[in-house]
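# Remarks on the overall topology
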Amino acid sequence: MSSAVRKKVGVLALQGDFEAHGKALARAGAEPVEVRSEGDLQDLDGLVIPGGESSTMLKLLEIENLMEPLRDFGRRRPIFGTCAGAILLAAEVLNPSQASLGLMDIGVERNAYGRQLESRIAQLRAEGQDQDLEAVFIRAPIIRRVGEDVKVLARYQGDPVLVEQGRHMVATFHPELTTDSRVHRMFLEKVATSG
Amino acid sequence: MEARILEALEVDYIDESEVLTPADEEHHIDKRNFKVPFVCGARNLGEALRRIAEGAAMIRTKGEAGSGDIVEAVRHMRTIVKEMKQLTVLGPEELVAESKRHQAPLELIQYVAEHGKLPVPNFSAGGIATPADAALVMQLGAEAIFVGSGIFKSSDPEARAKAIVKAATYFNDPVKLLEASEELGPAMFGIDVAKLEESELLQTRGW
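Residues numbered from 1 in each chain as written. Chains lettered and ligands numbered in written order. Predicted model: local features only at pLDDT ≥ 70, side-chain atom pairs only at ≥ 80, totals over all residues. Heavy atoms only, no water.

### Regarding the overall build of chain A
Looking only at helices and strands, chain A features 5 helices and 12 strands. For 195 residues, the compact-globule estimate of 2.2 N^0.38 gives 16 Å, and the C-alpha radius of gyration of chain A, at 15 Å, lies within 12% of that figure. Reported as C-alpha extents along the three principal axes, the dimensions of chain A are approximately 40 × 40 × 30 Å. When each of the 195 residues of chain A is scored for burial, the buried share is 56%. (Helix = DSSP H or I, 4+ residues; strand = E, 2+ residues; numbered from the N terminus. Rg over C-alpha atoms; globule rule 2.2 N^0.38 Å. Buried < 20%, exposed > 50% of the residue type's maximum accessible area, 1.4 Å probe, protein only.)

Written out as structure tokens, the structure is:
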């Protein structure tokens, strides 16, 4: 990014692959900050909710009283959820139904491709890109419903896998596990343009 | 063969464990031919890299399973972390001899020398029974932890499981660790590994 000051972007570090996201953000030109408590959200320009196990993250969020602070942060600043993070940002969660932050008007089905054996790496083309992206799906969810204000940026087998709504963005795959920084740069553009 | 049956069951991963009686006393499974990921135990860097060369997707330090004694888990994690650190300060011409010393493939030795870590996640296991044990091995360099009997043989497994998960997240925050350690009831009844005979140890299985 050309701006003189590197954007500070938090990575929710309760569980999951927050370390890989921190490295991916640094490669894309941001300053990553690990977030484990409400105080860590101060002064952040954006936040990544990483992949991991969504019900474990949800329990830790509830025990640590972080649900409301995250919703509040999402009303002001961009959040990017990948895999489990996508599940936490959704309005509705299926298989089984569970609580979520409800910051994006999407419905998500957990473990929708099946068990670990169905995890896979796929090539897909995101909107505005002239080269394929490598998308790593690990026990991934499927976005079953998108609201009117949600824009689909990429699909795999017909299902949306990269979507945005306003300042927020969601991927059902793991862009942090490849060396390709394009998806993280897309999010950092949102961070740069929103306030 | 059991691994093929587990794969057909669509389990999420297989632990090629030293705890059950191994069917083959010399060889490990060629894990590259499986689609299901494997986690394997290791006591030192050479064991870890040999398992990775065979196709392991995750490594866990062995510790001493079922003991509730953290000392072996600490020893194995310290050994692996120290051996990785030592590689990072060596020159490229020294790595071939290191490959021979660790009995591990040169490409993996070169990876560790460059990155200072294993190319797969490094778990700690074998003897973790309290939130403090969990935080300790995380501070030593574990990226995650496995707990079995430490939870299931304790007086209140549900509360202890939650507390150990919390300790793994907040391993650097003593106030949160204190909260996690409160009102757990007695831990599992531990075995002092130093008092076990060599033949009773599980960790010495495999090579």
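### Looking at the interface of chain B and chain A
Chain B puts 13 residues into the contact, and the matching count from chain A is 13 residues. Regarding the contact of chain B and chain A, the summed buried area is about 1300 Å², with carbon and sulfur atoms giving 53% of it. For chain B, the biggest contributors to the area lost against chain A are D12, T169 and Y170 of chain B; these three give 40% of the whole. Counting the contacts that link chain B with chain A gives 4 salt bridges. Summed over the shared surface of chain B and chain A, the number is 8 residue pairs in polar contact (both at pLDDT 80 or more). Per-element tally for the side of chain B that touches chain A: the top contributor is helix α8 (residues 157-169) of chain B, with 3 residues. Looking at the side of chain B that touches chain A residue by residue, the class counts come to 4 nonpolar, 1 polar and 8 charged. (Contact = heavy atoms within 4.5 Å. Buried area = accessible area lost by both parts, 1.4 Å probe. Salt bridge = Lys/Arg side-chain N within 4 Å of Asp/Glu carboxyl O. Polar contact = N/O pair within 3.5 Å; in protein donor to acceptor, adjacent residues only side chain to side chain. Nonpolar A, V, L, I, M, F, W, Y, C, P; charged D, E, K, R; others polar.)

### Side note on the pattern of salt bridges
The final tally for this structure, using the stated rule, is 31 salt bridges over all chains. A salt bridge links R145 of chain A to E92 of chain A, with the nearest nitrogen and oxygen atoms 2.6 Å apart. In this pair, R145 of chain A is assigned in strand β9 (residues 142-146) and E92 of chain A in strand β5 (residues 90-94), connecting sequence segments 53 residues apart. With a relative accessible area of 32%, R145 of chain A lands in the partly exposed category. Between R125 of chain A and D132 of chain A there is a salt bridge; the shortest N-O distance is 2.7 Å. With relative accessibility at 47%, the residue R125 of chain A sits in the partly exposed group. The exposure class assigned to D132 of chain A is partly exposed, which follows from its relative accessible area of 37%. Connected through shared salt-bridge partners, E64 of chain A together with K166, K176 and E179 of chain B make up one network.

### Some words on the sheet that holds strand β10 (residues 151-156) of chain A
Residues and elements named next belong to chain A. Strand order across the open sheet formed by 7 strands is β2-β1-β3-β4-β12-β11-β10, with mixed pairing between neighbours. Of all the strands in the sheet, just β2 (31-35) and β10 have a single pairing partner and so form its edges. Ignoring which end each strand starts from, the neighbouring axes of this sheet average 20° apart. Pairing between strand β4 (residues 79-82) and strand β12 (residues 168-171): 3 bridges, direction parallel. In the sheet register, G81 faces β12, and the bridge partner there is V170. (Pairing = 2+ DSSP bridges. Axes fitted to C-alpha atoms, helices over the stretch in contact; angles between N-to-C directions.)

### Things to note about the packing of aromatic side chains
The final tally for this structure, using the stated rule, is 8 aromatic pairs over all chains. Ring-pair connections join several aromatic residues into one group, and the members of that group are Y113, F137, Y156 and F173 of chain A. Geometry around F34 of chain B places R4 of chain B over its ring, the cationic atom sitting 3.8 Å from the centre. The ring of Y170 of chain B carries the charged tip of K176 of chain B above its face, separated from the ring centre by 4.9 Å. (Phe/Tyr/Trp six-rings, centres within 6.5 Å; stacked < 30°, edge-to-face > 60°. Lys NZ or Arg CZ within 6 Å of the ring centre and 35° of its normal.)

### Brief notes about the sheet that holds strand β1 (residues 14-16) of chain B
All names here are of chain B. Here 5 strands make up an open sheet; going across it, the order is β1-β2-β3-β4-β5 and the pairing parallel. Every other strand in the sheet has two partners, leaving β1 and β5 (144-145) as the edge strands with one partner each. Summarising the sheet, strand β2 (residues 38-42) and strand β3 (residues 58-61) pair through 4 bridges and their orientation is parallel. Across the sheet, the residue bridging to A42 is T61, located in β3. Taken strand by strand, helix α2 (residues 45-53) contacts β2 and β3, and its axis lies near 160° from that of β2.

### A look at the packing of helix α2 (residues 54-63) of chain A against α8 of chain B
The geometry of α2 of chain A relative to α8 of chain B is characterised by a closest axis approach of 11 Å and an angle of 85° between their N-to-C directions. The orientation of α2 of chain A relative to α8 of chain B falls into the category roughly perpendicular. Two secondary-structure elements touch here, α2 of chain A through T56, L60 and I63 of chain A and α8 of chain B through V165, K166 and T169 of chain B. Looking at side-chain class alone, the contact of α2 of chain A with α8 of chain B contains 3 nonpolar, 2 polar and 1 charged residues. (Parallel < 35°, antiparallel > 145°, perpendicular 65-115°, else oblique.)

### Some thoughts on the confidence of the model for chain B
Low-pLDDT stretches of the model should not have their predicted coordinates read in fine detail. For chain B, the mean per-residue pLDDT works out to 88, and 94% of the residues sit at or above 70. Reported confidences for the modelled complex are a pTM of 0.84 and an ipTM of 0.73. (pLDDT = per-residue confidence, 0-100.)

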